[in-house]
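Fold and contact review
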Amino acid sequence: MSAQVGMGVPRSRPGLLGRLANPWAQTRFLWVVAIGYVLWTIIPVVEAVVFSFNKGRSISQWQGFSLRWYTGDPDSSVLHSPALQQAVFQSLKLAAVTAIIAVPLGVAFAISIHHWRGFGSGGANFLMLFSFVTPELILAVSLFLLVTHAFGFIGLGTTAQLIGLVVLGLAYPVVIVRARLVGLGKSYEEAAMDLGASPVRTLGRVTVPMLAPSIFASLAIVFAISLDDFVVAYQLSKDASTQTVSMFIYGAAKTGPTPASNAIGTLMLTASTLLILCTAMLLRRSNRKQGKMVPPV
Amino acid sequence: MPRSRRAQRQAVLAERRAWSPRGFWQAFAAPATMYLLVFFVFPFYVVLAITFGGVTSILREPKPLWNPLEWRPPVMSFTLSNLVHSDGLYYQAFIHTILFVVIATGLCLLIGYPFAYFLARRAGRFRGLFLVLFFAPFWISYMLRMLAWISLLEDDGYINRFLTATGILSKPYLWLAGKPVTLILGLVYGYVPYMILPLFATLDRIHPSLLEAGRDLGGSPARTFFRVTLPQSRQAILAGFVVCGLPMFGDYFTQQLLANTSGTRMIANSVFDALSQPIFVARGAALILVLLVLLIPPILYYLRSTNRAAAEGLA
Amino acid sequence: MSPNQSPNLSRRDFLRRAALAGVALPSMSAILAACGGGAQSTVDTGGSRNGSGGGANPFGTGGIAGADYPLARLEAPVTWTVKSDNPVIDSGLKAETGATVRVLAWPYYLAPAVVKSFEKANNCTVEITEGDDMDKLLQKINSGQSDFDIMFGMNVWAVGRSIAAGLIRPVNLDYVPNLAANCWDQFQSPFYDVGSQFSLPYSIWNTGIFWRNDFVKDDIAGMPNPYDIFWSPDAPKDKTHLLSNAQDVLSMAMFWKGNSDINNADAATLAQAKTDIAQVVSATNAQFDHVDYTDVPKGRAYLHQSWSGNVGDAFVFLPKGDQALNLSYYWPGHTDGVPGNVDNDCIVLLSGGKAPVLSHMLADWVLDKDNAYENYTTWTGYQMPQKTFTPDLLVGNAVVPEHLASTVVTEDDFKKGFRELELPTDDDAAWQSAYSALVAGV
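Remember, predicted model here, so these are calculated numbers, not experimental data.

With respect to the overall build of chain A
Along the backbone of chain A there are 13 helices and 0 strands. Along chain A, from the amino end to the carboxyl end, the secondary structure elements read α-α-α-α-α-α-α-α-α-α-α-α-α. For chain A, the proportion of contacts with a sequence separation of at least 24, taken over those separated by at least 6, is 70%.

Quick look at the overall build of chain B
Looking only at helices and strands, chain B features 14 helices and 2 strands. Taking 20 Å as the expected radius of gyration for a compact globule of 315 residues, we find that chain B reaches 25 Å, considerably beyond that expectation. Counting only C-alpha atoms and orienting by the principal axes, one finds that chain B spans roughly 70 × 70 × 35 Å. In chain B, which comprises 315 residues, the proportion classed as buried is 49%. In chain B, the proportion of contacts linking residues at least 24 apart, taken out of those at least 6 apart, comes to 63%.

Considering the interface of chain B and chain A
Contacts between chain B and chain A engage 80 residues on the former and 81 residues on the latter. The element that contributes the greatest number of residues to the side of chain B that touches chain A is helix α2 (residues 24-51) of chain B, accounting for 17 residues.

Notes on the packing of helix α9 (residues 208-216) of chain B against helix α10 (residues 221-232) of chain B
All names here are of chain B. For the pair α9 and α10, the least separation of the axes is 9 Å and the interaxial angle reads 140 degrees. It follows from the interaxial angle that α9 and α10 lie oblique. Crossing angle aside, the handedness with which α9 passes α10 is right-handed. Every residue of α10 that contacts α9 at L210, L211, G214 and R215 is listed here: T224, R227 and V228. For the contact of α9 with α10, the class distribution of residues is 3 nonpolar, 2 polar and 2 charged.

Thoughts on helix α6 (residues 136-150) of chain A
The terminal C-alpha atoms of α6(A), which comprises 15 residues, lie 20 Å apart, in line with the 21 Å expected from a rise of 1.5 Å per residue. Among the 15 residues that make up α6(A), 15 are buried, leaving the element largely enclosed by the rest of the structure.

What about the pairing of strand β4 (residues 100-105) of chain C?
Residue and element names in this part refer to chain C. In terms of burial, β4 is largely enclosed, as 5 of its 6 residues are buried. In this region the chain leaves β4, passes through helix α3 (residues 112-122) and returns to the parallel neighbour strand β5 (residues 125-130); the handedness of that crossover is right-handed. Where β4 meets strand β6 (residues 150-155), 3 bridges bridge the pair, whose relative direction is parallel. In the strand pairing of β6, L104 is matched with M151.

A look at the packing of helix α4 (residues 82-115) of chain A against helix α7 (residues 158-169) of chain A
Residue and element names in this part refer to chain A. Across the interface, α4 lies against α7 with an axial gap of 9 Å and an inter-helix angle of 55 degrees. Considering their axes alone, α4 and α7 lie oblique with respect to each other. Along this stretch, α4 crosses α7, giving a crossing that reads as right-handed. Within the contact between the two elements, α4 uses L94, V97, T98, I101 and A102 and α7 uses Q161, L162, L165, V166 and G169.

Examining the confidence of the model for chain B
Keep in mind that low pLDDT regions are not for reading the predicted coordinates in detail. Overall, the predicted model of chain B reaches an average pLDDT of 88, with 91% of residues at or above 70. Here the prediction assigns the complex a pTM of 0.87, and the interface score ipTM is 0.88.

Focus: the pairing of strand β8 (residues 200-212) of chain C
Residues and elements named next belong to chain C. Taken across its 13 residues, β8 has 13 buried, putting it largely inside the fold. Note: β8 against strand β13 (residues 341-350), 6 bridges, orientation antiparallel. Bridged to T207 within β13 is N341. In this structure, β8 lies alongside strand β11 (residues 303-307), joined through 5 bridges in antiparallel fashion. Paired with T207 across the strands is W307, a residue of β11.

Here we look at the environment of C:D368
Among the secondary structure elements, C:D368 is positioned in the loop between α12 (356-367) and α13 (369-380). Placed 251 residues apart in sequence, C:D368 and C:S117 show a C-alpha to C-alpha distance of 12 Å.

Re the nonpolar core
Residues A:F109, A:L143, B:I267 and B:V271 are the most contacted members of the largest nonpolar core, which totals 166 residues. Here B:V271 is in contact with A:L137, A:V141, B:G284, B:L287 and B:I288, once residues within four sequence places are set aside. One finds C:L104, C:V114, C:I141 and C:W157 within the second-largest nonpolar core, a separate group that totals 129 residues.

Notes on the environment of C:Y69
Its location among the elements puts C:Y69 in the loop between β2 (60-62) and β3 (78-80). Along the chain, C:Y69 and C:F255 lie 186 residues apart, while their C-alpha atoms are 28 Å from each other.

Structural notes on the confidence of the model for chain A
Residues and elements named next belong to chain A. Confidence in the prediction for chain A averages 85 pLDDT; 88% of positions are at 70 or higher. Taking the mean pLDDT of every element in chain A, the minimum, 49, falls on helix α1 (residues 16-21) and the maximum, 97, on α7. Every residue in residues 1-14 is under pLDDT 50, and counting partners more than four places away or in other chains gives 23 contacts. In this model, residues 292-297 is a region of pLDDT below 50 whose contacts with residues beyond four sequence positions or in other chains number 2 contacts.

Things to note about α2(B)
If you check α2(B), its first and last C-alpha atoms are 40 Å apart, about what 28 residues at 1.5 Å a residue would give, namely 40 Å. Most pronounced at B:A30, the bend in α2(B) amounts to some 40 degrees, and the proline B:P31 follows within four residues.

Observations regarding unusual backbone geometry
All names here are of chain C. Although it is not a glycine, Y108 sits at a positive phi angle of roughly 55 degrees. One can find Y108 in the loop between β4 and α3. Phi at S196 takes a positive value of approximately 45 degrees, unusual for a residue other than glycine.

Calculation criteria
- Residues numbered from 1 in each chain as written.
- Chains lettered and ligands numbered in written order.
- Predicted model: local features only at pLDDT ≥ 70, side-chain atom pairs only at ≥ 80, totals over all residues.
- Helix = DSSP H or I, 4+ residues; strand = E, 2+ residues; numbered from the N terminus.
- Contact = placed C-beta atoms within 7 Å.
- Rg over C-alpha atoms; globule rule 2.2 N^0.38 Å.
- Buried ≥ 20, exposed ≤ 12 C-beta atoms within 10 Å, placed from the backbone.
- Axes fitted to C-alpha atoms, helices over the stretch in contact; angles between N-to-C directions.
- Parallel < 35°, antiparallel > 145°, perpendicular 65-115°, else oblique.
- Left-handed = near helix turned anticlockwise from the far one by under 90°.
- Nonpolar A, V, L, I, M, F, W, Y, C, P; charged D, E, K, R; others polar.
- Expected span 1.5 Å × (residues − 1).
- Right-handed = clockwise from strand over helix to strand, strands pointing away.
- Pairing = 2+ DSSP bridges.
- pLDDT = per-residue confidence, 0-100.
- Core = buried A, V, L, I, M, F, W, Y, C linked by C-beta atoms within 7 Å.
- Bend = angle between axes of the 7 residues up to and from the residue.

This is the structure we're talking about:
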């Protein structure tokens with residue numbers, strides 16, 4: 001990589017004016033921005049984690065260390081609050097099922113749009129991207145009105161939440177997989193086909209395996225987005241049994257938070273860190289394999 | 001460019017490609033398209049039916065009218081007139097929304113571009129570390145980070161303690177008493193990653209040789225940046241504006257949690273409040289429609305330019 | 001329907017509306033109407049209403065006119081009609097076994113310990129869903145096929161419409177002996193539900209002023225008109241909060257002017273009240289919320305219009321033993337010649353519930369005097385109209401600190417205070433509109 005590009009070996013040293021005109025040349029400025037940005041995003045995470053161990057009810061005044069909000073408190077701790085546990089369960093359930101539904105739909109759509117040139121493909125693609133950039137509140141409210149006033153047989157609850165989260169997550173695999181398809185080009189598929197493979201066989205033996213990393217990335221992203229979603233899950237929830245972690249924390253933030261919210265967040269942070277570490281190792285291995293299989297074009 | 005030859009070859013291949021039966025590829029798009037038609041497009045008809053519908057007699061709940069012939073316009077005209085008249089119910093929220101979103105999106109670019117640029121080409125051996133640090137906050141619930149911000153911003157929270165201890169402020173600033181600055185920073189905090197991602201992806205892809213060429217042709221670093229890097233990332237900036245700015249139009253909880261005064265209300269708050277009051281649900285539905293219509297032009301512009309860029313990319 | 005079949009509709013109208021719709025879908029609309037499931041009554045354009053209270057009405061007798069169902073007033077109590085499709089359950093039924101009782105309640109409104117002991121005693125599960133205001137709670141009961149069993153904290157203004165809409169299951173008082181045994185006499189047969197056929201009393205409160213006496217130095221309790229504080233320059237900027245509720249906020253402005261006839265306000269009175277509150281909002285940058293129980297102790301607000309029960313809740317939020325001498329509360333109704341609001345809410349059983357016997361039993365459990373005491377003192381902060389809860393007991397047991405004795409509501413206060421009742425439909429819309437405008441800052 002050319003770390004020197006742009007700044008360059010000073011053929012003609014840029015004067016002060018040149019530097020000002022090109023702040024990017026000032027690596028120090030960029031470092032300040034980068035470190036500042038990282039601190040800005042990490043500080044609340046640190047705050048949240050630290051105060052999960054607070055002894056008192058406050059999440060802003062340190063009152064001493066305890067595990068009260070994990071195990072100690074008989075009503076509100078993670079260990080003793082059925083509401084909190086069920087919120088975790090509901091969040092995980094929604095995220096997993098959403099990923100399982102949205103990703104295959106999205107991948108199939110991406111493959112289709114990649115090959116299908118003609119009447120309808122533009123429209124379908126447009127619809128997909130439109131759903132991608134529509135503010136979540138609009139999706140959530142229109143679905144809320146749909147299930148409460150038109151599709152009464154669905155009603156509010158887990159099913160409605162899933163329907164909404166799939167709409168929300170559907171475009172991610174499309175965008176990710178299409179980018180990969182464009183990157184790969186058509187030569188592999190054409191080669192397989194030239195060698196006499198049927199389309200279905202080409203798809204199963206060539207296209208999908210080559211897409212595996214992007215499909216995996218899509219699963220992870222859709223899962224993460226659904227897990228963290230608030231607006232859709234909130235608008236379409238029915239009762240305590242369909243409350244998610246985000247909703248729990250929002251409710252707490254509005255009515256009187258306790259460090260129990262922080263505790264549950266910290267536990268989920270720990271879990272996702274472990275998960276991501278494992279995944280990263282797996283991915284690295286599979287990338288190496290992938291690297292052997294697909295020579296650089 | 002051997003373009004025509006390639007095109008010929010493709011045409012031949014396409015000819016030979018009786019391997020894809022009619023409708024084969026279309027069939028793959030069908031489930032997702034159907035899904036969107038039923039659960040994304042159709043709900044807007046319900047929104048229309050409620051906007052132009054009535055209310056039930058006892059609980060004053062919205063009563064959709066399915067037949068467009070029976071539709072009644074009063075709620076929509078109420079909503080529109082309250083949106084455009086300066087003493088209207090939604091006027092202030094509307095102006096705030098545009099103001100806050102524009103400022104917040106601008107700040108997102110100001111913060112996001114240098115960071116993405118840094119990440120893509122200046123982080124060197126720390127690149128992996130910074131990437132991890134960039135993604136790390138996502139591993140904990142966004143709502144919890146919001147809650148953490150609230151705690152930090154309390155009158156006697158750590159932000160004020162830091163600012164007064166260092167002498168930057170002489171007395172604590174009331175961050176949570178309905179300050180637009182808090183709300184805007186909250187929005188930036190929530191959405192700046194969506195600005196950084198497309199920028200990073202693009203800046204990372206700009207081929208070094210292109211920059212070298214710019215330099216070799218005698219361009220100063222500044223010129224290289226403005227003539228090569230910036231134009232190359234134009235599309236990403238546009239994408240950043242769209243994926244980072246548009247969702248802000250639907251954000252209500254940031255305002256509820258960080259500001260909660262009439263002086264900081266956004267249009268999404270009006271929607272949210274209308275929905276919790278049975279007799280006003282139709283107004284909420286009308287606002288949703290208006291919002292949708294207002295956002296269609298930027299969305300269309302974005303989609304068109306994406307298509308064009310994609311077409312240029314293929315050429 | 002084609003344009004020809006509709007003689008009142010001009011062709012241009014038709015085209016315009018069809019264009020508005022994008023496409024006319026008459027057959028589609030029929031299907032939708034069929035599957036919408038809304039067995040709701042007729043569509044109402046919101047024009048003139050022929051009120052029906054006062055005499056015979058399919059929903060009940062008594063009350064005053066102004067809505068499709070009778071509106072209860074102290075001087076015009078309502079006896080609701082028990083319908084055959086929503087009957088009282090038989091006496092002496094066995095509790096459902098292994099069932100889940102699905103509870104709807106305000107946040108911090110039912111002590112987990114009380115619930116846990118009920119679960120244990122009856123071998124069942126109780127699932128509590130919280131909603132942070134009455135309209136959202138109502139929406140939950142009413143949206144689709146709700147199967148909530150019981151709700152804690154239905155405001156009196158919502159009881160009538162919910163009974164009329166068939167959402168509430170009539171109570172079989174045989175299962176609830178604690179009503180007669182423990183509750184105040186005036187709640188044995190309240191004006192809003194003569195004979196307690198559909199409701200049981202839950203919490204009582206008065207609406208007053210909650211402040212931090214270390215920041216607001218005025219002797220609010222000693223002022224000739226305590227409400228003056230909100231309109232005085234001493235109302236702290238950025239630190240004054242009002243309740244997020246149309247009736248509470250606008251009534252306060254009327255009380256301030258000495259007007260206690262809050263349920264019959266005419267348009268001019270309402271407009272004046274709105275203007276008065278808008279003045280407070282613009283002078284102090286006031287926020288609307290009802291989380292006074294954390295706002296004031298934390299210092300987010302120094303002056304808060306409050307429900308006395310939320311002040312009680314503030315103590316639950318304080319560290320143990322903290323007397324919080326910097327917290328003050330006053331109910332202006334205690335001052336001669338100044339009107340103040342006093343109110344109660346209800347426990348109601350919901351007709352969509354699947355565990356009617358257990359929900360009767362849970363209601364009775366909560367009305368038990370020991371359970372009520374635990375519920376109040378360890379969790380909700382909202383007093384119940386229990387005969388055993390006297391100010392002497394509560395202050396003596398240090399449940400309520402002496403300097404906050406004003407949060408205790410007595411039977412006598414219900415004679416002195418004024419209630420915010422369900423308004424006629426059109427008035428209700430006007431109040432809600434006024435409140436929406438206040439929140440929007442216009």
